Amino acid sequence: MRDRKKGGGFPPRIVHYRSPKAHATDLLAMADRAIHELTQQQLPEGIVSKQILEIQAHRRIAEPKLAATGLVVLDSSSSERVVVVSRDEAMSTTRERLGRYAAAEDLPPRSPGDGPDEGKTSPHEDVFDGIDGFVRRSPLERVSERLQGLLTEADGPVNIIVDLFAPEDDELREAWIEEVELLADRAETSFETYDDPAIGISLVRLDADRALVEQLALLDQVALIDTPAAPALTRPGLASLQDLEELSLEIRPPDQDKPAVGIIDSGVSGGHPLLDGALLGADALHPAFGGQAEDGFGHGTLVAGLALYGNVLACVAERTFEAPFPLASVRIFDEDGKIPTGVNPAVLLREAIEHLAEQYDCRVVCLSLGDHNAPFLGGKASPLAALVDDLARALDIVIVVPTGNLQHESLVAPAQLLAQWPRYLTEPGNELLSPSQAAIAITVGAIAERAATDLGGASIAVAATAFGPAPYARRGPGVREAQKPEVVADGGNWVFDRSDGAILDDTGTAVLSTSARDDLLFDTAIGSSFAAAQVANTAGRIAERYPDLSAAAIRVLLLQGAMPLAADHGVSPDQRLALSGHGVPRVDNCIRSTESRAVMLAENSLRPDTFHVYRFPAGTDFFTLAGGQRRLTTALSFDPPVRYRRYDYLAYQMELVVVRGISEDEVFHLASAANKGKLSELSAKQLTMAPSFSKNARGVNQVARIDYKQRPSAKFRDDWFIVVRSVNKWMRDRSPQPYALAVAVEVEQSTQLRTQLRAEVELRARGRARV
């Protein structure tokens, strides 16, 4: 008896083209037309035409299946546009297979609701039924828009990279490269070639004018001709930022009475003109430091600049440095960036956090700590993570921690792995570093905002594309599969040499901040700690604007203000969440409402195993305005007691669902104790948001969203309801537990949404006080 695999299996057979003969005739005609265009084009002397075509498809077609029809895949990164080359000039194998496919009988027309197609499968149906057509790639689409614009403005040659398709056949690939080099030689320009068949990369770097680019674009084997993007900051540019007098910066210190942000790191360098006016104090509490709070390592001063100002490069561009709040620092790292030998990290950490909260009234603390010897492999939290959670709850503060970084030395082999970004980030061994799995803390991952380097050479590459996961990013989830990281920010990018994988020092892709060196005003760095510092800045701005909010309320405003990354970068939705969380917090979204994006906030307390119901009022532009994008975002955060060695790490959990198409009395009945308090009873009326409520309920800091391209269906335009339920895990104390809830409503075309919601909520509060 054989075991049967669970799940998976073949998809149902749904034939798109019902007449194989008619479809084969169309495909053959399109292939002939494309090949005729290829053979008739005027090519430079010594260049031969190739049978390289682009397949337009409506589904993914397996590469071995295409190979069986005589088509070798050169690029299948897009399932809808697959680049292939024929094994022979006449496409004889493809034509023969098309003939066998065309001989099959026609199928009857399909009707809506029909099940899978049955009967005999046409020969090669799995290939040709998925193909909509064959086209020739035009020379124009081989030149990037960026390069086209640059050539229009440039007076002379520009630096370009010619990216070639790289077939596995060594002789063919080398011949294709030699044609590019031939054109470069004729133009009397030097070139540098990088060819790595193991990872399918063939690149030629050269300086080219418009005429040479136009010639290169005629080569069928050219995938793309591009010029490296200009970095926002170059090494000479960084050097020009070191003279304070020449920069003429306007420095505005903060109001010292504002809620402070604390830094736990390697200290802060005294005397820095951009930090001194904001620094309440810099302390080294443990005797191991001998009272020396100066930054001997340099990391803490870089973190301090980002925590205080956020985007330091933007401040430089505006020539204004306005500190929104004061800073305080506690040193825990020595000159090597390590916790001193013989010092208990737990004692050091508790002392530092309590000191910042009690001595300087810090509402937000940025903790730059990651233990490379303790990646989170699942199971229980680490002792330090439990300590962070306990202090965050007891002191009612927001603690921001980075995910930690992958060490370049751990990547084997680095050149091949970096070329496969970001897939290698999802592999085992790249988990969070302790204490970043802390449940109540805000855990911050890193993205790479910039993918432009001023380093030259065909073998030089930027690891991550712009606004993708940083190439050193560590991934979640956290304890009991809770969402970690919750948010991300810019931590800089890696530039590497494709020949050996070595990481190169590059100013353009790094993060700019304040320098600990006496001879520098600014410096650059890369890492998730610098992403965390920017998120701490956003949290600090929320606390500065709303000083009476609880830590949970600060967290939900931060969470609801996060903007998800626009691209998936080739990873699954779950992997994307594990790397990039809910996105990048935008300061404006976090601290204010507008007439097209309104944020409602509630702080409340809930007894274990009970629930609250909130009304999301109808009658606003979210329900009534015709057309236009709209989004509903919910964020929930709470502060449960934790126990390090318990299976249920959190003393209680909270669940949130949004229901519609149901009356308020029905909501209370279905969620009530008389109905066993199961939110699953509401599932038929539940709004499907992402992530799902079951995934969110695993953690403390929860976010869910749903997007609409138009207003909701007419049958769902009455009041909606938000149900928040507490589930006791092991608490004996039945006293109410605090939580914060934020609901953000966006309607792209609205000019009065905030006003409408304010009027609705105030009216409801006067009419009925039940929540």
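Here, every reference points to the structure presented above.
Residues numbered from 1 in each chain as written. Predicted model: local features only at pLDDT ≥ 70, side-chain atom pairs only at ≥ 80, totals over all residues. Heavy atoms only, no water.

Trainee: Can you help me understand unusual backbone geometry in this one?
Mentor: When glycine is set aside, most residues are seen to have a negative phi, and most peptide bonds are trans. Cis rather than trans, the peptide bond between Gly476 and Pro477 has omega equal to 10°. Within the fold, Pro477 resides in the loop between strand 20 (468–469) and strand 21 (487–490). Along the chain, Lys484 connects to Pro485 via a cis peptide bond; the corresponding omega equals -5°. By secondary structure assignment, the location of Pro485 is in the loop between strand 20 and strand 21. With phi around 55°, Asp396 is a residue other than glycine that occupies positive phi space. Relative to the assigned elements, Asp396 resides in the loop between helix 13 (383–395) and strand 16 (398–402). On the accessibility criterion, Asp396 (30% relative accessible area) is partly exposed. Its identity is not glycine, yet Glu481 carries a phi of approximately 65°, on the positive side. (Helix = DSSP H or I, 4+ residues; strand = E, 2+ residues; numbered from the N terminus. Buried < 20%, exposed > 50% of the residue type's maximum accessible area, 1.4 Å probe, protein only.)

Trainee: Is there a simple way to think about the sheet that holds strand 2 (residues 71–75) in this case?
Mentor: As a general point, the strands of a sheet are linked pairwise by backbone hydrogen bonds and lie either parallel or antiparallel. Pairing within the open sheet is antiparallel, and its four strands lie in the order 2-3-1-4. Every interior strand has two partners, whereas the edge strands, strand 2 and strand 4 (131–135), have only one. The average undirected angle you get between the axes of adjacent strands in this sheet is 35°. Bridge count for strand 2 against strand 3 (residues 81–86) is four bridges, and the pairing is antiparallel. Of the residues in strand 3, the one forming a bridge with Leu71 is Ser86. The strands touched by helix 1 (residues 20–40) are strand 1 (52–57) and strand 4; relative to strand 4, the strand with the most contacts, the crossing angle is about 20°. (Pairing = 2+ DSSP bridges. Axes fitted to C-alpha atoms, helices over the stretch in contact; angles between N-to-C directions. Contact = heavy atoms within 4.5 Å.)

Trainee: Would you take a moment to explain the packing of helix 1 against helix 3 (residues 92–102) for this structure?
Mentor: Between two packed helices, what matters for the description is the angle formed by their axes and the separation of those axes. Close contact between helix 1 and helix 3 brings their axes to 8 Å; oriented N to C, the two are set at 160°. Viewed along their axes, helix 1 and helix 3 adopt a mutual orientation that is roughly antiparallel. When helix 1 is examined against helix 3, the residues Pro20, Lys21, His23, Ala24, Leu27, Leu28 and Asp32 are found in contact with a partner set consisting of Arg95, Leu98, Tyr101 and Ala102. Residues that form the contact of helix 1 with helix 3 fall into these classes: seven nonpolar, one polar and three charged. (Parallel < 35°, antiparallel > 145°, perpendicular 65-115°, else oblique. Nonpolar A, V, L, I, M, F, W, Y, C, P; charged D, E, K, R; others polar.)

Trainee: How do you make sense of the packing of aromatic side chains when you look at a structure like this?
Mentor: Two aromatic rings, taken as a pair, are described by how far apart their centres are and by the angle between their planes. Applying the stated criterion to the full structure yields 14 aromatic pairs. Ring geometry for Tyr309 and Phe321: centres 5.0 Å apart, planes at 90°, overall edge-to-face. Remark: Phe321 occurs in strand 12 (residues 320–322) and Tyr309 occurs in helix 10 (residues 299–309); sequence separation between them is 12 residues. Residue Tyr309 shares its accessibility class with Phe321, and that shared class is buried. A centroid spacing of 5.6 Å and a plane angle of 55° characterise the contact between Tyr472 and Trp494, whose relative ring orientation is tilted. With a gap of 22 residues between them, Tyr472 in the loop between strand 20 and strand 21 and Trp494 in the loop between strand 21 and strand 22 (495–497) connect regions that are remote in the sequence. In this pair, the class of Tyr472 matches that of Trp494, namely buried. One aromatic cluster is present, built from ring pairs that chain together Phe616, Phe622, Phe623, Tyr708 and Trp720. (Phe/Tyr/Trp six-rings, centres within 6.5 Å; stacked < 30°, edge-to-face > 60°.)

Trainee: Would you mind showing me how to read the pattern of salt bridges here?
Mentor: A side chain with one charge may pair with a side chain of the opposite charge, provided their charged atoms come close. Within the structure shown, the criterion is met by 36 salt bridges. Linking Asp490 and Arg450 is a salt bridge whose minimum nitrogen-to-oxygen distance equals 2.6 Å. Here the residue Asp490 occupies a position in strand 21, and Arg450 occupies one in the loop between strand 18 (442–448) and strand 19 (460–462), the gap between them amounting to 40 residues. This pair shows no difference in class: Asp490 is buried, exactly as Arg450 is. (Salt bridge = Lys/Arg side-chain N within 4 Å of Asp/Glu carboxyl O.)

Trainee: I'm lost on the packing of helix 12 (residues 345–359) against helix 13 in this one. Help?
Mentor: Direction vectors running N to C along helix 12 and helix 13 enclose 20°, while the axes themselves pass 11 Å from each other. For the element pair helix 12 / helix 13, the angle class is roughly parallel. Note that helix 12 runs across helix 13; the crossing there is right-handed. Contact residues: Pro345, Ala346, Leu349, Arg350, Ile353, Glu354, Ala357 and Glu358 in helix 12; Leu384, Leu387, Val388, Asp390, Leu391 and Leu395 in helix 13. (Left-handed = near helix turned anticlockwise from the far one by under 90°.)

Trainee: Is there a simple way to think about the nonpolar core in this case?
Mentor: Core analysis: the biggest nonpolar cluster contains 82 residues, and Phe321, Leu327, Val400, Ile442 and Phe522 have the highest contact counts within it. Beyond its immediate chain neighbours, meaning those up to four positions away, Ile442 contacts Val398, Ile399, Val400, Val401, Glu486, Val487, Val535, Arg555, Leu558, Leu559 and Asn701. Formed by 76 residues, the second largest nonpolar core is a distinct cluster that contains Val343, Ala386, Trp730 and Tyr739. (Core = buried A, V, L, I, M, F, W, Y, C linked by side-chain atoms within 4.5 Å.)

Trainee: In this structure, what is going on with a positive patch on the surface? I would like to understand it.
Mentor: A cluster of like positive charges, contributed by Arg393, Arg643, Arg646 and Arg732, occupies part of the molecular surface. One can find Arg393 in helix 13. (Patch = residues over 30% accessible without salt bridge, like charges linked within 9 Å, V, L, I, M, F, W, Y side chains within 5 Å. Areas by Shrake-Rupley, 256 points an atom, 1.4 Å probe, with all protein chains shown as cover. Lys, Arg positive; Asp, Glu negative; His and termini not counted. Charge placed at Lys NZ, Arg CZ, Asp CG, Glu CD.)

Trainee: How should the sheet that holds strand 19 be read in this particular structure?
Mentor: The strand order 19-22-23 describes an open sheet built from three strands, whose pairing is antiparallel. Unpaired on one side and paired on the other, strand 19 and strand 23 (503–504) mark the two borders of the sheet. Pairing between strand 19 and strand 22: three bridges, direction antiparallel. When the bridges of strand 22 are listed, Ile460 appears paired with Asp497.

Trainee: Please clarify how the side chain of Asp129 should be interpreted in this entry.
Mentor: The residue Asp129 is located in the loop between helix 4 (125–128) and strand 4 in this model. No salt bridge is formed by the buried Asp129. Its closest oppositely charged neighbour is Arg59, at 4.6 Å. Polar contacts involving the side chain of Asp129 include one to the main-chain amide nitrogen of His16, which spans 2.9 Å. In this structure Asp129 touches Ile14, Val15, His16, Tyr17, His58, Arg59 and Tyr101, once residues within four positions along its chain are discounted. (Polar contact = N/O pair within 3.5 Å; in protein donor to acceptor, adjacent residues only side chain to side chain.)

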